[in-house]
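Close look at the chain arrangement
Here is how the chains run, residue by residue.
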There are 2 protein chains.
Amino acid sequence: MRLPVERAMQVCPVEVAVSVLGGAWKLTLVKCLLERPHRFGELGRRVPLANTKTLTRQLRELEQDGIVLRKVFEQVPPKVEYSLTERGRSLAPLVALMNEWGAAFVETAQ
Amino acid sequence: MRLPVERAMQVCPVEVAVSVLGGAWKLTLVKCLLERPHRFGELGRRVPLANTKTLTRQLRELEQDGIVLRKVFEQVPPKVEYSLTERGRSLAPLVALMNEWGAAFVETAQ
DNA sequence: CAGAATCCAGGCCGATACTG
DNA sequence: CAGTATCGGCCTGGATTCTG
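This is a predicted model, so every value here is computed, not measured. (Residues numbered from 1 in each chain as written. Chains lettered and ligands numbered in written order. Predicted model: local features only at pLDDT ≥ 70, side-chain atom pairs only at ≥ 80, totals over all residues. Heavy atoms only, no water.)

**Considerations on the interface of chain B and chain A**
Defined as follows: Note on contacts: a residue pair is in contact if any heavy atoms of the two residues lie within 4.5 Å. By buried area we mean the combined loss of accessible area, with a 1.4 Å probe, across both parts when two parts are placed together. Within this document, salt bridges are pairs made up of a side-chain nitrogen of Lys or Arg and a carboxyl oxygen of Asp or Glu, the two lying within 4 Å of each other. Under this definition, polar contacts are N or O atom pairs within 3.5 Å; protein pairs additionally need one hydrogen-donor-capable and one acceptor-capable atom, and for neighbouring residues in sequence, both atoms have to be side-chain atoms. Secondary structure elements are taken from DSSP: a helix is a run of H or I of four residues or more, a strand is a run of E of two residues or more, and numbering for both begins at the N terminus. Just so you know the grouping, Ala, Val, Leu, Ile, Met, Phe, Trp, Tyr, Cys and Pro go in nonpolar, Asp, Glu, Lys and Arg go in charged, and all remaining residues, Gly too, go in polar.
The interface is formed by 46 residues belonging to chain B together with 46 residues belonging to chain A. Counting the surface lost from both chain B and chain A, the interface buries some 3,900 Å², and carbon and sulfur atoms represent 75% of this. By the criterion of area lost to chain A, the three top residues of chain B are R87, W101 and F105 of chain B, representing 18% of everything that side buries. Applying the counting rule to chain B against chain A returns zero salt bridges. On inspection of chain B and its partner chain A, the count reaches eight residue pairs in polar contact (both at pLDDT 80 or more). Mapped onto the side of chain B that touches chain A, the elements with two or more residues apiece are α1 (3–9), α2 (13–21), α3 (26–35) and α7 (92–107) of chain B. Among the elements that line the side of chain B that touches chain A, the one with the most residues is α7 of chain B, at 11 residues. For the side of chain B that touches chain A, the per-class residue count stands at 29 nonpolar, 11 polar and six charged.

In structure tokens form, the structure reads like this:
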């Protein structure tokens, strides 16, 4: 278990969710993977503001937290496919709600 | 509109929600305020790992984003009451889902 | 193609002390 | 009571370059 998550546990389950999912682009990546599995480069194009390092880090953490599955195809050129675990798929309702709320927030933009 | 939110808008509504709600303790504060209005000190006791500076910052941002209402009572000793706006109350389903998901995450702790 | 390596900046959050 | 002031650390995220 990662340290920030440990801390969050002391306070509230809500905070656990935030510290697991709150990283930059994480939930957007999950949203993409809910559609279908993606390759690394595809995800990069879906989230154009994230560079490769950030992308890799977030995906690794999602993998470590049991949300994302990383499958390596041993071939040249290399191919890696990212997909969701069951726990990852359980985020579907949450992602839908956040998408809706975020859109409404922008809509009602001050 | 705050800068990180502007950036998030370029990518996905989900990312907007994350950048508005993802700060430390923010959603936990909203969860408390969904129960009833709280005074500053009360919130501090509900979120014991946040110090006064952090608490103030998060509450100010939530206020700026139209989620929290800050009401000052001109009296001695001072009294400030925090409550939710309509937009804040619209977070109820989201908070409930995240609470549930966070609890399940801890339950299934690796 | 899918990253790893390196370096760097900013801000995000925290501890502590002080104030009207 | 409800903050502000000051200082600082560190972690997050980013730009760029390099590699099997």
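The structure having been displayed, the exposition proceeds.
**Some details on empty space enclosed by the protein**
Using the following cut-off: Think of a 1 Å grid over just the protein atoms. A cavity is a set of points where a 1.4 Å probe fits yet cannot get out, a pocket is an open set with protein on both sides within 12 Å along at least five of seven lines, and lining residues have an atom within 4 Å of a point. Grid points are joined across faces, edges and corners, and a volume is the space filled by probe spheres set on the points.
Taken as a whole and judged by the stated rule, the model has one cavity of 30 Å³ or more. Taken together, A17, V18, L21, G22, L27 and M98 of chain A together with A17, V18, L21, G22, L27 and M98 of chain B make up the full set of residues lining the largest cavity. For the lining of the largest cavity, the elements supplying multiple residues, two or more each, are α2 (13–21) of chain A together with α2 of chain B. Its residues assigned to classes, the lining of the largest cavity shows 10 nonpolar, two polar and no charged.

**Section: the pattern of salt bridges**
What counts here: When accessible area is computed with a 1.4 Å probe and restricted to protein chains, residues below 20% of their type maximum are described as buried, those above 50% as exposed, and intermediate ones as partly exposed.
Under the definition given, this model contains 10 salt bridges over all chains. The residue E61 of chain A makes a salt bridge to K26 of chain A at a minimum N-O spacing of 2.6 Å. Taken together, the positions of E61 of chain A in helix α5 (residues 52–64) and K26 of chain A in helix α3 (residues 26–35) put the pair 35 residues apart, joining distant regions of the chain. The residue R2 of chain B makes a salt bridge to D65 of chain B at a minimum N-O spacing of 2.5 Å. Of the two residues, R2 of chain B is situated in the segment before α1 and D65 of chain B in the loop between α5 (52–64) and β2 (68–73); the sequence distance between them amounts to 63 residues. Residue classification places R2 of chain B among the buried positions, given a relative accessible area of 13%. For D65 of chain B, a relative accessible area of 5% translates into the label buried. Connected through salt bridges with shared partners, the residues R2, K26, E61 and D65 of chain A form a single ionic network.

**Topic: the protein's contact with DNA strand D**
Note the following rule: Throughout, near means a residue has at least one heavy atom within 4 Å of the molecule or strand.
In the vicinity of DNA strand D lie 24 residues, with K53 of chain A together with R7, R39, R70 and Y82 of chain B positioned nearest. The sugar-phosphate share of atoms of DNA strand D within 4 Å of the protein amounts to 63%. Measuring from a base nitrogen of DNA strand D, one finds a side-chain N or O atom of N51 of chain A at 3.1 Å. One of the side-chain N or O atoms of Y82 of chain B is found 2.7 Å from a phosphate oxygen in DNA strand D. Contributions of two or more residues to the surface near DNA strand D are made by α5 of chain A together with α4 (40–46), α5 and β3 (79–84) of chain B. Tallied by class, residues from the surface near DNA strand D come to nine nonpolar, seven polar and eight charged.

**Quick word on the pairing of strand β2 (residues 68–73) of chain A**
Threshold: Strand pairing is defined by DSSP finding a minimum of two bridges between the two strands.
Judged from the six bridges that link them, β2 of chain A and strand β3 (residues 79–84) of chain A form a sheet pairing that is antiparallel. Among the inter-strand pairings, F73 of chain A is bridged to a residue of β3 of chain A, identified as K79 of chain A.

**Some thoughts on the packing of α2 of chain A against α3 of chain B**
Applied cut-off: Angles run from 0 to 180 degrees between N-to-C directions of axes, and those axes are lines fitted to C-alpha atoms, restricted for helices to the stretch in contact. Here the word oblique covers every angle except those under 35 degrees (roughly parallel), over 145 (roughly antiparallel) and from 65 to 115 (roughly perpendicular). By the definition used in this description, the sense in which the near helix is turned from the far one sets the handedness, with an anticlockwise turn below a right angle giving left-handed and a clockwise turn giving right-handed.
Contact geometry for α2 of chain A and α3 of chain B: axes closest at 8 Å, N-to-C directions at 155 degrees. With respect to α3 of chain B, the axis of α2 of chain A lies roughly antiparallel. Note that α2 of chain A runs across α3 of chain B; the crossing there is right-handed. When α2 of chain A is examined against α3 of chain B, the residues P13, V14, E15 and V18 of chain A are found in contact with a partner set consisting of L27, T28 and K31 of chain B. Looking at the contact of α2 of chain A with α3 of chain B, its residues break down into four nonpolar, one polar and two charged.

By themselves, these figures tell us nothing about what the structure is for.
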